[in-house]
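# Architecture and fold: a report
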Amino acid sequence: MTTVLQQYGLLTQWQLRRQSVYLPLLVVVQGALAVGTVLGFGILMGDLEGDAALYLATGAPTITLIVIGLVMAPQMLAQAKTEGSAQWLMTLPVPRLVFLAADLTVWTLVALPGTVLAVFVGVLRYDISLDVSWWVLPAALLVSLTAAAIGYTVAALLPPSLAMLFTQLVVFVILLFSPVSVPAEQFPSWLASVHAVLPIEPMAQLIRSGLAGSSFTIETGPLLVLIAWCAGCVALTGAALRRRG
């Protein structure tokens, strides 16, 4: 166990140092995305107040968490596969799940600053009050971990070019066709049914209920969907990495 923890710590440090040039830029970009989501959607939707403003302000943090995991993480892994560094890492005598855990930790840490900024900007812009639960931080970690695990699975299983195309599609779907910043009731029934088995809506519900527990809740079903996606994608990625090793 000590050896595994040491390997995990060293790999995490290596990933942080390897990407030290890009990580500050990623944090800045994520912060700009957080602010842009809160302010931009407010401009498109007009003057928001009450539940509509609260829905948007609590949805923006989820978008920042999802974009880091589902877009930036697979893009960086696809780049690593293209340049050969990913293949080199696979030659190290380290369990593949330890390698995966180190990468997921890095992307989770990158996602948190923009998430906090999104909440802060939303509260100031729409003059809303939050009812923050104690478990909101573990909830954010679960959402970030799930998003990164899904993105990592896509990048591990698909060729780099297809993984890049997938990330572009994901951004389009998240911003325009997902019940994150607007309620699912505003979507066609078939699309709402699709989102009932996808992880995006449960992610938004979990963060929303953690930030505004007096106004929103998450039921057991969506939470189980989210956990199933997280566990399934971690298992798939671990299997893919072991096969390639």
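About the thresholds
Residues numbered from 1 in each chain as written. Predicted model: local features only at pLDDT ≥ 70, side-chain atom pairs only at ≥ 80, totals over all residues. Heavy atoms only, no water. UniProt positions renumbered as here; feature names shortened; annotations may be inferred. Helix = DSSP H or I, 4+ residues; strand = E, 2+ residues; numbered from the N terminus. Rg over C-alpha atoms; globule rule 2.2 N^0.38 Å. Buried < 20%, exposed > 50% of the residue type's maximum accessible area, 1.4 Å probe, protein only. Areas by Shrake-Rupley, 256 points an atom, 1.4 Å probe, with all protein chains shown as cover. Lys, Arg positive; Asp, Glu negative; His and termini not counted. Charge placed at Lys NZ, Arg CZ, Asp CG, Glu CD.

- Under an unreviewed UniProt entry, the name given to the protein is ABC transporter permease, and the source organism is Sanguibacter inulinus.
- Recorded under Subcellular location (unreviewed entry), the UniProt text for the protein is reproduced unchanged: "Membrane".

### Things to note about the overall build of the protein
- If you tally the helices and strands in the protein, you get 10 helices and zero strands.
- The linear arrangement of helices and strands in the protein, starting from the amino end, is α-α-α-α-α-α-α-α-α-α.
- The C-alpha radius of gyration of the protein comes to 18 Å, within 12% of the 18 Å expected for a compact globule of 245 residues.
- Dimensions of the protein, computed from C-alpha atoms along their principal axes, come out at roughly 55 × 35 × 35 Å.
- For the protein, buried positions account for 49% of its 245 residues.
- Summed over its atoms, the accessible surface of the protein is roughly 11700 Å², and 70% of this surface lies on carbon and sulfur atoms.
- In the protein, 9 positive and 10 negative side-chain charges are present, and the distance between their average locations comes to 25 Å.

### Focus on the UniProt feature "transmembrane region" (unreviewed entry) in the protein
- The positions UniProt marks with the feature "transmembrane region" (unreviewed entry) are residues 21-46, 52-77, 97-126, 132-155, 162-182 and 223-241.
- The distance separating the terminal C-alpha atoms of residues 52-77 is 37 Å; by composition the span is 100% helix and 0% strand.
- Helix makes up 83% of residues 132-155 and strand makes up 0%, while its end C-alpha atoms are separated by 34 Å.

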